[in-house]
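# Residue-level structural notes
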Amino acid sequence: GHLPGRDVVGEAVQRAHEDFRLLDEGEVIQDVPALADADPDLFGVALVHVDGTEHTVGDSGHRFTIQSISKAFVYALVCQEIGHDAVLAKVGVDNTGVPFDSVLAIEHNEGHPMNPMVNAGAIATTGLVPGASRDGRWGFVLDGLSRFAGRDLEVDEDVFASESKENERNLGLAHLLQGHDRLSGDPAEVVDTYTRQCALLVDARDLAVMGATLAGGGVNPVTGVQVVDPSICRDTLSVLASTGMYERSGEWLFEVGAPAKSGISGGIVTVSPGKGAIGTYSPLLDDAGNSVRGRRATAQLARELGLDVFASL
Ligand code: GLN
């Protein structure tokens, strides 16, 4: 099936913003000093069709750091580069059921990180980024995520510095992975690249464009560039379905019915294969680290617009 017509979708996007704009549940993340001051009133919703049609409302042009949402796109780029099986040998594709920064994501499974969408598995994935030098490896990530967004992304240096300064947990995860022979590359460099990828600035519209690229077989709907192959989109979306919303992924799949990825600054991208994607931003998070308004707005849109991949009608 297709998305409904332009007017119907535009009106639904407006309403999803209006209905949850004043919802005052959740908390701005306090663990990262540079993110703690985010304005809790900010709320943006964007929907981009695979044909490039766009709908944006509210603060959909407000930039924030992509954080964990980067994990989905780096995973796709690495799978494209070294192949599904080589990635699978290093990082599994299952939910860990524990918070995103937990060491259990490694120890649970005899040192094999199971879940590329929490920190341990994402750090292992960033360790697989190809390149002859440190700059080359960072360039692979920066160029790749920029191709998904269809514009040149930039790092928020304040957030990067703030997260780099208090990175003991992620460094610990990297060293533990290395101890299990599960990290390619130097732990300090890999964590630096991972922290930088998390600090890339995007807005809700960028997220919708990035998601619509995965929805459309890897073709960016704005630039027309083939960023990854259709089979890589399929692999990435199947991983997001079970892991994209941390330990609430099952609940999300039940409620929304479409693969998605969230990040602690308040973004969510939700992908409806063959149709398009929704990007939302609101920094008020639930206790798993998922944006509350983003979740509610996305669930409403999924129902109204038929984005649920499990619906028969
Ligand atoms: N940069 C954050 C971290 O590594 C990203 C976590 C997230 O968005 N869940 O802890």
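Residues numbered from 1 in each chain as written. Predicted model: local features only at pLDDT ≥ 70, side-chain atom pairs only at ≥ 80, totals over all residues.

## What about the overall build of the protein chain?
Threshold: Secondary structure elements follow DSSP: runs of H or I no shorter than four residues count as helices, runs of E no shorter than two count as strands, and numbering proceeds from the N terminus. Throughout, radius of gyration means the C-alpha value; the globule benchmark is 2.2 Å times the number of residues raised to the power 0.38. Whether a residue is buried, exposed or partly exposed follows from its count of other C-beta atoms within 10 Å of its own C-beta, namely 20 or more, 12 or fewer, or something in between, respectively; the C-beta atoms are built from the backbone. By definition, residues are in contact whenever their C-beta atoms, placed on the basis of the backbone, come within 7 Å of each other.
Per the secondary structure count, the protein chain includes 13 helices and seven strands. On C-alpha atoms alone, the protein chain measures out to a radius of gyration of 18 Å, which is about the 20 Å that the 2.2 N^0.38 rule sets for 313 residues. Dimensions of the protein chain along its principal axes, counting C-alpha atoms only, are 55 × 40 × 35 Å. The buried share of the protein chain, taken over its 313 residues, is 56%. Considering only contacts within the protein chain whose residues lie at least 6 apart along the sequence, 68% involve residues at least 24 apart.

## Side note on the environment of Phe-43
By secondary structure assignment, the location of Phe-43 is in the loop between helix H1 (6-20) and strand E1 (44-49). Using a count of 27 C-beta atoms within 10 Å as the deciding quantity, one classes Phe-43 as buried. For the pair Phe-43 and Asp-59, spaced 16 residues apart in sequence, the C-alpha to C-alpha distance is 5.3 Å. When sequence neighbours within four positions are dropped, the list of residues in contact with Phe-43 reads His-17, Arg-21, Gly-58, Asp-59, Ser-282 and Arg-293.

## Comments concerning the UniProt feature "binding site: substrate" (unreviewed entry) in the protein chain
What counts, and what does not: UniProt positions are given in the numbering used here, feature names are shortened, and annotations may be inferred rather than shown by experiment.
Cross-referencing UniProt, the feature "binding site: substrate" (unreviewed entry) maps to Ser-68, Asn-119, Glu-163, Asn-170, Tyr-194 and Tyr-246 in the present numbering. Checked against the element boundaries, Ser-68 lands in the loop between strand E3 (64-65) and helix H2 (69-82). A count of 24 C-beta atoms within 10 Å places Ser-68 in the buried class. The residues touching Ser-68, leaving out its near neighbours within four places in the chain, are Phe-100, Lys-261, Ser-262, Gly-263 and Ile-264. In this fold, Asn-170 is placed in helix H8 (residues 168-179). Once you skip the residues sitting within four places of it in the chain, Asn-170 turns out to touch Asn-119, Ile-123, Val-191, Tyr-194 and Thr-195.

## Overview of the sheet that holds strand E7 (residues 276-281)
Note the cut-off: Strands were regarded as paired on the criterion that DSSP finds at least two bridges between them. All axes are obtained by fitting lines to C-alpha atoms, using only the stretch in contact for helices, and the reported angles, taken between N-to-C directions, cover 0 to 180 degrees.
What the five strands build is an open sheet, ordered E2-E1-E7-E6-E5; its pairing is antiparallel. With partners counted over all chains shown, the strands left at the sheet margins are strand E2 (54-58) and strand E5 (260-262), one partner each. Between one strand axis and the next, the sheet turns by 10° as a mean value, whatever way the strands run. Judged from the six bridges that link them, E1 and E7 form a sheet pairing that is antiparallel. For Val-45, the partnering residue across the bridge sits in E7 and is Thr-280. Sheet contacts for H2: E5 and strand E6 (267-272); angle to E5, the most-contacted strand, approximately 130°.

## Regarding the pairing of E2
E2 sits mainly inside the fold: four of its five residues count as buried. Direction of pairing for E1 relative to E2: antiparallel, over a ladder of five bridges. Of the residues in E2, the one forming a bridge with Gly-44 is Gly-58. In sequence, E1 turns back onto E2 through a hairpin of four residues, with Gly-52 there showing a positive phi of about 95°.

## Some thoughts on the domain arrangement of the protein chain
Our working definition: Domain start and stop points were drawn from an automatic or database domain assignment. Residues are grouped as follows: Ala, Val, Leu, Ile, Met, Phe, Trp, Tyr, Cys and Pro are nonpolar; Asp, Glu, Lys and Arg are charged; every other residue, Gly included, is polar.
Here the protein chain is described as being made up of domain 1 (6-66 + 202-305) and domain 2 (69-198). The distance between the C-alpha centroids of domain 1 and domain 2 comes to 21 Å. Class assignment of the residues belonging to the side of domain 1 that touches domain 2 gives a composition of 18 nonpolar, 13 polar and five charged.

## Describing unusual backbone geometry
Phi angles above zero are rare outside glycine, and Asp-181 is one such case at about 65°. Position of Asp-181 among the secondary structure elements: in the loop between H8 and helix H9 (187-198). Positive phi is not limited to glycine here, since Tyr-246 has a value of about 55°. Tracing the sequence through the fold places Tyr-246 in the loop between helix H11 (230-243) and helix H12 (249-255).

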